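Listed below are the residues making up each chain.
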Amino acid sequence: MTREEAELLAQVEALLDDPAHADNPLRATLARLHAFHRAEKQRLERLVTISDSYQRYVREDELNARRRYQKSLRRQEKLSRISDGYQQLMHEHNNALREASTHDPLTGLPNRRLIDERLPKLIERKQYTLVMLDIDHFKQVNDLHGHEAGDKVLVAIAQEIRQELRDYDLCARWGGEEFLLLLADTGLSEANAIVDRLRQRLAELSILVGDSRLSITASAGLSEYRDGEDLLDQTLQRADQALLLAKRSGRDRSCVIV
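Residues numbered from 1 in each chain as written. Predicted model: local features only at pLDDT ≥ 70, side-chain atom pairs only at ≥ 80, totals over all residues. Heavy atoms only, no water.

Caption draft 1: Structural context of the sheet that holds strand β2 (residues 170-175). Strand order in the open sheet made by the 5 strands is β2-β3-β1-β6-β7, with mixed pairing throughout. Two strands in the sheet have a free side with no partner beyond their single neighbour: β2 and β7 (254-256). Each adjacent strand pair in this sheet contributes to an overall mean axis angle of 20°, direction not counted. As paired elements, β2 and strand β3 (residues 178-184) share 5 bridges and run antiparallel to each other. When the sheet's bridge partners are listed, Leu170 is paired in β3 with Leu182. Relative to the sheet, helix α6 (residues 188-203) contacts β1 (128-135), β3, β6 (218-224) and β7, its axis offset from that of β6 by approximately 165°. (Pairing = 2+ DSSP bridges. Helix = DSSP H or I, 4+ residues; strand = E, 2+ residues; numbered from the N terminus. Axes fitted to C-alpha atoms, helices over the stretch in contact; angles between N-to-C directions. Contact = heavy atoms within 4.5 Å.)

Here it is as structure tokens:
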């Protein structure tokens, strides 16, 4: 209500209360008008109160709905993070399982299973040489210094092999102290030079075991893949025969069977 309206109503109420106007013919009409105005004013105030209450309820409901939505959103985000973490954990677990199934746990080199998986791609290159590398007198290392020392020697050898080979070559621990090398796009002459460099690197190793330093040598047998033959059968047999020849010839050398 404005100030002017309040003053006007005060004047009307003063006129109605004044005994001097009790007999005025307009007094009854003015009284009715004033009563109607007051009733309408009270009705309007109730409507305003109801409207205010409703708007407050709507705002509170909207606020609660927003809070519920935000809470649900946070819950969904939390579940999403948990799900993402679980998926990542499963992915890492699967990778770890695959790594364990395709690599030697001691040296980290591929094992026979991974060689079998990669053979089709290697055969597409048409030319490569297979090498069987064996550590000379390795049994003496285990017998004299223990298997822990033997493991240390194998790890050191695997590191040297990785550094010597090219990115597209493949090396696997074939079993015990034997290593299989697949030299891609490489003929016997080039492969023999690579293997000789590798054997020289191994001979220069000085592996600290306790208070002692161990030196090793290696023997190798090489055979070049022939088109159409089974790599892990015929080619491998010739490389094994070449390795046996190297050992019978005094070890610490490479032999080739064409």
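There is more to say after this.
Caption draft 2: Spatial organisation of the pattern of salt bridges. One pass over the structure, following the stated rule, counts 12 salt bridges. Across the pair Glu62 and Arg66 runs a salt bridge whose closest N-O atoms are separated by 3.2 Å. With Glu62 and Arg66 both in helix α2 (residues 27-102) and 4 residues apart, the pair spans about one turn of that helix. Owing to a relative accessible area of 38%, Arg66 belongs among the partly exposed residues under this scheme. With a shortest N-O distance of 3.2 Å, Asp196 and Arg199 are connected by a salt bridge. Taken together, the positions of Asp196 and Arg199, both in helix α6 and 3 residues apart, correspond to about one turn of that helix. Owing to a relative accessible area of 33%, Asp196 belongs among the partly exposed residues under this scheme. The network of salt bridges with common partners includes Glu160, Glu164, Arg197 and Arg201. (Salt bridge = Lys/Arg side-chain N within 4 Å of Asp/Glu carboxyl O. Buried < 20%, exposed > 50% of the residue type's maximum accessible area, 1.4 Å probe, protein only.)

Caption draft 3: Geometry of helix α5 (residues 147-164). For α5, with 18 residues, the first-to-last C-alpha span of 26 Å sits near the 26 Å given by 1.5 Å per residue. Among all positions in α5, only Ala149, Gly150, Val153, Leu154, Ala156, Ile157, Ala158, Glu160, Ile161 and Glu164 are buried. (Expected span 1.5 Å × (residues − 1).)

Caption draft 4: Region of the structure containing α6. An ideal rise of 1.5 Å per residue puts 22 Å on 16 residues; α6 measures up with 22 Å between its terminal C-alpha atoms. The elements touched by buried residues of α6 are β1, α5, β3, β6 and β7.

Caption draft 5: Fine view of the nonpolar core. With 32 residues, the main nonpolar core has Leu133, Val153, Ile157, Ile161, Phe179, Leu181 and Leu202 as its most contacted residues. Mapped onto this core, the elements with two or more residues apiece are β1, α4 (138-145), α5, β3, α6, β4 (207-209) and β6. If you tally residues by element for this core, the top one is α5, at 7 residues. Residues contacting Val153, with those up to four places away along its chain left out, are Phe138, Val141, Ile207, Leu214 and Ile216. By size, the runner-up hydrophobic cluster in this structure holds 14 residues, among which are Leu170, Trp174, Leu236 and Ala239. (Core = buried A, V, L, I, M, F, W, Y, C linked by side-chain atoms within 4.5 Å.)

Caption draft 6: A look at the environment of Asn192. Of note, Asn192 is situated in helix α6. Residue class for Asn192 comes out partly exposed when judged on its relative accessible area of 24%. Measuring from C-alpha to C-alpha, the distance between Asn192 and Ser254 comes to 7.4 Å, with 62 residues separating the pair along the chain. Setting aside its immediate chain neighbours within four residues, Asn192 contacts Leu222, Ser254 and Val256.

Caption draft 7: Representation of a nonpolar patch on the surface. Together, Leu44, Leu47, Val48 and Ile50 make up an exposed nonpolar region whose accessible area comes to about 370 Å². Take Leu47: it is sitting in helix α2. (Patch = residues over 30% accessible without salt bridge, like charges linked within 9 Å, V, L, I, M, F, W, Y side chains within 5 Å. Areas by Shrake-Rupley, 256 points an atom, 1.4 Å probe, with all protein chains shown as cover.)

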